[in-house]
Amino acid sequence: MPELPEVEVTRRGIAEPLRGAKVVTLRLGKPLRWPLGQRPDALVGSIIGGVGRRGKYLWLSLLGGRAPGGLLLHLGMSGSLALTEQAPAPGPHDHFDLVTDRGTLRLTDPRRFGAVVWSPALDAAPASRLLAGLGPEPFDDALTAESFHAALHRRRAPIKAVLLGGEAVVGAGNIYACEALHTAGIHPATRADRISRPRAARLLDAVRTTLARALELGGSTLRDFRDAHGIDGAYQAEAQVYGRAGLPCGRCGATVRRVVQGQRATYFCPGCQKR
DNA sequence: AGTTAAACCTGGTTGC
DNA sequence: TGCAACCAGGTTTAAC
């Protein structure tokens, strides 16, 4: 679920209230994808310096205390974060609580593909090898049609798989990769290195407008996602192809198709997205 | 090196 | 109604 818009919506919901908050307690539930990598009580007393984002990861910097550094969080497929003044007793899917003097940040994640990993780094960038291979942020000015085209040119895989890979640009997951390709009129099976410079420019533009629109609508809620205040996203109602197999394309009326690429469902319109 | 499959885990939906 | 099979927003790791 959580692709860049959902993660950024979450970040915006917690950044202001948590800046400067003091850590009171940490509570761990069932194991997540990786162990925390630090004793929970070593983080008690530290101050949250800020909340950043890199791709689909969140970064909470922790200043002072016995273990300065930060927490790298990932929401996996089914994770969401809630910030409440006083959290109710943890349910069966609540696997991490960061209790602060300004409220409790709780990770709820039924499938437990999410992660909370402590790192001694002061900044997100070198915090973890998890961030090492990530491509450019979609709204970074340094990402241009030229550089994007060059990145696509290095890959022979289908463009849909390349978008999910996050080397050319991070942030688009299954929903937004499908939607952006539809907007750009590019067939998902097109080899990335065969995409012309003008079409690469069009695709980058589509990725940006798709992510920006989803951000405006609070992301997509298919099932589990809620923002930090418990609010559903609304983008899913605007999806043109994702999850719409057998239904007519809103633009041309052709029947949306579902195929499988690299173990992931891909939705596209055979009318708008010719090979 | 580069692509593809398997793995992680739970729960909702679909079909027999 | 019961139960097996399939599906889901992601990403690492192992295997060709």
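Just above sits the structure.
Definitions and limits used
Residues numbered from 1 in each chain as written. Chains lettered and ligands numbered in written order. Predicted model: local features only at pLDDT ≥ 70, side-chain atom pairs only at ≥ 80, totals over all residues. Heavy atoms only, no water. Pairing = 2+ DSSP bridges. Helix = DSSP H or I, 4+ residues; strand = E, 2+ residues; numbered from the N terminus. Axes fitted to C-alpha atoms, helices over the stretch in contact; angles between N-to-C directions. Contact = heavy atoms within 4.5 Å. Phe/Tyr/Trp six-rings, centres within 6.5 Å; stacked < 30°, edge-to-face > 60°. Buried < 20%, exposed > 50% of the residue type's maximum accessible area, 1.4 Å probe, protein only. Polar contact = N/O pair within 3.5 Å; in protein donor to acceptor, adjacent residues only side chain to side chain.

S.K.: Hey, could you run me through the sheet that holds strand 4 (residues 69-74) in this one?
M.R.: Overall, antiparallel pairing links the four strands, which are arranged 2-3-4-8 in an open sheet. What marks the edges here is a single partner per strand, and that holds for strand 2 (47-54) and strand 8 (115-119). Averaged over all neighbouring strand pairs, the angle between strand axes comes to 20°, with direction disregarded. With five bridges connecting them, strand 4 and strand 8 associate as antiparallel partners. Looking at the pairing, L73 lines up with V116 of strand 8. The sheet strands contacting helix 1 (residues 4-18) are strand 2 and strand 3 (57-63), and the helix crosses strand 2 at an angle near 165°.

S.K.: When you look at the packing of aromatic side chains in this model, what are you seeing that I'm missing?
M.R.: Two measures describe an aromatic ring pair: the distance that separates the ring centres and the angle between the ring planes. All told, the structure shown has two aromatic pairs when counted by the stated rule. On the numbers, 5.1 Å between centres and 65° between planes, the contact of Y242 with Y267 is edge-to-face. With Y242 in the loop between helix 5 (197-216) and strand 9 (257-261) and Y267 in strand 10 (residues 264-268), this residue pair connects regions lying 25 residues apart in the sequence. Judged by its relative accessible area of 21%, Y242 falls in the partly exposed class.

S.K.: Explanation requested: the pairing of strand 8 in the structure shown.
M.R.: Both faces of the sheet carry side chains from a regular strand, because those side chains alternate between them. Within strand 8, five of the five residues are buried, leaving the element largely enclosed by the surrounding structure. Burial along strand 8 is two-sided: A115, V117 and S119 facing one way and V116 and W118 facing the other are all buried.

S.K.: Would you mind going over the side chain of D94 with me for this structure?
M.R.: By the secondary structure assignment, D94 is in strand 6 (residues 94-100). Its relative accessible area of 11% is what places D94 among the buried residues. A polar atom in the side chain of D94 sits 2.6 Å from the side chain of T108. Not counting chain neighbours up to four residues away, the residues in contact with D94 comprise R27, G29, R106, L107 and T108.

S.K.: Where do I start with the sheet that holds strand 1 (residues 23-28) in this structure?
M.R.: Across a sheet, paired strands are connected by hydrogen bonds in the backbone, their directions being either parallel or antiparallel. Strand order across the open sheet formed by four strands is 1-6-7-5, with antiparallel pairing between neighbours. In this open sheet, the two strands that pair with only one neighbour each are strand 1 and strand 5 (80-84). The average angle at which neighbouring strand axes cross in this sheet is 15°, direction not considered. Where strand 6 and strand 7 (residues 103-108) come together, six bridges link them in antiparallel fashion. Of the residues in strand 7, the one forming a bridge with D94 is T108. Contacts from helix 1 reach strand 5, strand 6 and strand 7 within the one sheet, and its direction differs from that of strand 5 by about 30°.

Any functional reading would require information that these geometric values do not contain.
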